[in-house]
Amino acid sequence: QYDMVPMTSLSLVSTFVGFLLTLRSNQGLSRLGEGRELWGRMFIVTRDTAQLLATYVYSKDKKLGVNSARHLAIFAWLLKGLLRD
């Protein structure tokens, strides 16, 4: 004879586990959305800064303009690498 597990305790445990999984999924999606929003904002600011460099700095000093644009591009790559670790 096997003792049967009451269905009420099984349903309570499965409901609790389902609630925890839903909560964790919602938190993960919220963090992903926030990260995408911040990355997009950083991309826009970087692009605007590059346009300002091209307009005002490059016309006065070409070497400084190119070096500044390169540093700006490297910043985005380094930040992506840092965030992935």
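Before going into details, it helps to say that this report is about the structure given with it. Numbers given to residues run from 1 along each chain, matching the order in which its sequence is written. Per-residue local features of the predicted model are confined to residues with pLDDT of at least 70, and side-chain atom pairs are confined, for both listing and counting, to 80 or more; whole-chain, interface and lining totals are unaffected and use all residues. Heavy atoms from the whole structure form the basis of all side-chain values; hydrogens and water molecules are not counted.

A look at the overall build of the protein chain
Along the backbone of the protein chain there are 2 helices and 0 strands. Projected onto its principal axes, the C-alpha positions of the protein chain cover 90 × 20 × 10 Å. Only protein chains enter the accessibility calculation, which uses a 1.4 Å probe; a residue is then buried when its area is under 20% of its type maximum, exposed when over 50%, and partly exposed in between. Here the protein chain holds 85 residues, and 6% of them are scored as buried. Strands here mean DSSP runs of E at least two residues long; helices mean DSSP runs of H or I at least four residues long; both are numbered from the N terminus.

Quick word on the environment of Lys62
Relative to the helices and strands, Lys62 resides in helix α2 (residues 62–84). Considered as a pair, Lys62 and Arg47 are 15 residues apart in the sequence and their alpha carbons are 18 Å apart.

Brief notes about a nonpolar patch on the surface
Each patch is assembled from residues with relative accessible area greater than 30% and no salt bridge, linking like charges that lie within 9 Å and nonpolar side chains (Val, Leu, Ile, Met, Phe, Trp, Tyr) that lie within 5 Å. Where accessible areas are quoted, they stem from the Shrake-Rupley method and a 1.4 Å probe; at the residue level, only the protein chains shown are allowed to cover. Every case where a carboxyl oxygen of Asp or Glu lies within 4 Å of a side-chain nitrogen of Lys or Arg is listed as a salt bridge. Together, Val13, Phe16, Val17, Phe19, Leu20, Leu21 and Leu23 make up an exposed nonpolar region whose accessible area comes to about 670 Å². Relative to the elements of secondary structure, Leu20 occurs in helix α1 (residues 7–57). We classify Leu20 as partly exposed; its relative accessible area is 37%.

Things to note about the environment of Leu52
With respect to the secondary-structure elements, Leu52 resides in helix α1. For the pair Leu52 and Phe19, spaced 33 residues apart in the sequence, the C-alpha separation amounts to 50 Å.

Here's the deal with the pattern of salt bridges
Considering all chains together, one arrives at 1 salt bridge under this definition. A salt bridge links Glu37 to Arg41; the shortest N-O distance between them is 3.1 Å. Linking Glu37 with Arg41, this pair stays in helix α1, spanning 4 residues, or about one helical turn.

Some points on α1
Its 51 residues give α1 an end-to-end C-alpha distance of 73 Å, which sits within 8% of 75 Å, the value for a rise of 1.5 Å per residue. Where α1 is concerned, the buried positions are Met42, Thr46 and Leu53. Here, expected helix span is obtained from the residue count minus one, scaled by 1.5 Å.

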